[in-house]
Amino acid sequence: MVKFENVEIKYGDFVAMENLNLDIEEGEFFTFLGPSGCGKTTSLRALVGFITPSKGKVYVSGKDVTNLPVESRNIGMVFQSYALFPTMTVYENIAFGMKVKKMSKTEIDRKVHEVAAKIKITEEQLQKNVSELSGGQQQRVALARAIVLEPKILCLDEPLSNLDAKLRIDMRLELKRLQKELGITTLYVTHDQEEALTLSDRIAVFNNGCIEQVGTPYEIYNSSQSEFVCDFIGDINRFGEKILTSVNEQMGTKLDTSKTGFVRIEKCVDEYKPDHAKIMGIVTELEFNGILTKYTLSCMGQTIKYLEKNDGYKYYKEGDPVDLYIDPRDIMQF
């Protein structure tokens, strides 16, 4: 459906994206994930047509669109700022693109009400100015305006970053529901790891103008292919020489003690398991959040974190000794 082939994007002498090669399947919810300045938004803008690559080609459905004007690509775009017209009503904002295309009033009215129903915009809200709406409602209007033109591809650039935490979670569910219902190929840009893992069919992790790894959320999280991906996705423990040596001695493994070992914090448990190595520690900090408690331990001169589900019976205090158990197969090295 979408193909980036040897794409390079430069700003003067600065290379923002170097040799991007990526295939995105039709109907896929595909996320560009990475820290600020890594090239993810730049790549999205090359697809939409706001940026022309200095090298390489961009294809949509087998057609070279590298130099095609934005309006000829049939791609919908939702910006981080929403880019709505504040003096227009919600109805007028959604209808704007169709008016530009000189569609009939009857057709425009039908499509506006159709998409409003899908995105849960009420008749009352349609008549309001967008400046009167909350952030979440404005987000829905921006989505409606993008999908009412029935684009082949929907591009979303950090669309939830202006919303509060609870509303972000609610809108995530809405986005996923809508994408499944419409079956539209969706490219999503975010720096939020949880958002990417929750929404995506596949993820490309960007770093310094390159892609570090492409895979399903499960693959990215559990089978990270680089130290950057491992460290960027989720919370991680780093094991140094002393801990790795202890694991090798206990389990007969051959972990490289000259390299750092990485373990997800939820892989560390405080219940005895015969095929796990034991590491003794002392509680130095704890973060209680209701469902879980995150403990920080001092172990062999290192800091290790782990999660404990709150059952109302087991609760450690600072200074308490804890035995942690770790499966050597969960230790990643690069």
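Here is what the cut-offs are and how they apply
- Residues numbered from 1 in each chain as written.
- Predicted model: local features only at pLDDT ≥ 70, side-chain atom pairs only at ≥ 80, totals over all residues.
- Heavy atoms only, no water.
- Salt bridge = Lys/Arg side-chain N within 4 Å of Asp/Glu carboxyl O.
- Helix = DSSP H or I, 4+ residues; strand = E, 2+ residues; numbered from the N terminus.
- Buried < 20%, exposed > 50% of the residue type's maximum accessible area, 1.4 Å probe, protein only.
- Expected span 1.5 Å × (residues − 1).
- Contact = heavy atoms within 4.5 Å.
- Core = buried A, V, L, I, M, F, W, Y, C linked by side-chain atoms within 4.5 Å.

On to the pattern of salt bridges, then. Scanning the model with the defined rule gives 22 salt bridges in all. Across the pair Lys-111 and Glu-150 runs a salt bridge, and its minimum N-O distance is 2.7 Å. Here Lys-111 is found in helix H3 (residues 105-119), whereas its partner Glu-150 is found in the loop between helix H5 (135-147) and strand E7 (153-157), with 39 residues between them in sequence. Taking relative accessible area as the criterion, Glu-150 reaches 52% and is therefore assigned exposed. Among the salt bridges present, the one from Glu-194 reaches Arg-172, with a minimum N-O distance of 3.4 Å. With a gap of 22 residues between them, Glu-194 in helix H7 (residues 193-199) and Arg-172 in helix H6 (residues 165-182) connect regions that are remote in the sequence. A relative accessible area of 48% means that Glu-194 is categorised as partly exposed. The exposure class assigned to Arg-172 is buried, which follows from its relative accessible area of 8%. Among the charged side chains, a network of salt bridges with common partners joins Lys-120, Arg-140, Glu-174, Arg-177 and Glu-181.

Turning our eyes to something else, we now look at H5. A rise of 1.5 Å per residue sets the reference length of H5, with its 13 residues, at 18 Å; its end C-alpha atoms lie 19 Å apart and thus fit the reference within 8%. Of all 13 residues in H5, 11 are buried, a share of seventy percent or more. Three or more residues of H5 are buried, namely Gly-136, Gln-138, Gln-139, Arg-140, Val-141, Ala-142, Leu-143, Ala-144, Arg-145, Ala-146 and Ile-147. Where the residues of H5 are buried, they touch strand E6 (75-78), helix H2 (90-100), H3, E7 and H6.

All right, on to the nonpolar core then. Ranked by internal contacts, the top residues of the largest apolar core, which has 35 residues, are Ile-94 and Ile-121. Each residue touching Ile-121, except ones within four places of it in the same chain, is listed here: Val-90, Ile-94, Ala-116, Leu-126, Arg-140, Val-141 and Ala-144. Counting residues in hydrophobic clusters, the runner-up holds 27 residues, among them Leu-22, Ile-153, Val-189 and Ala-204.

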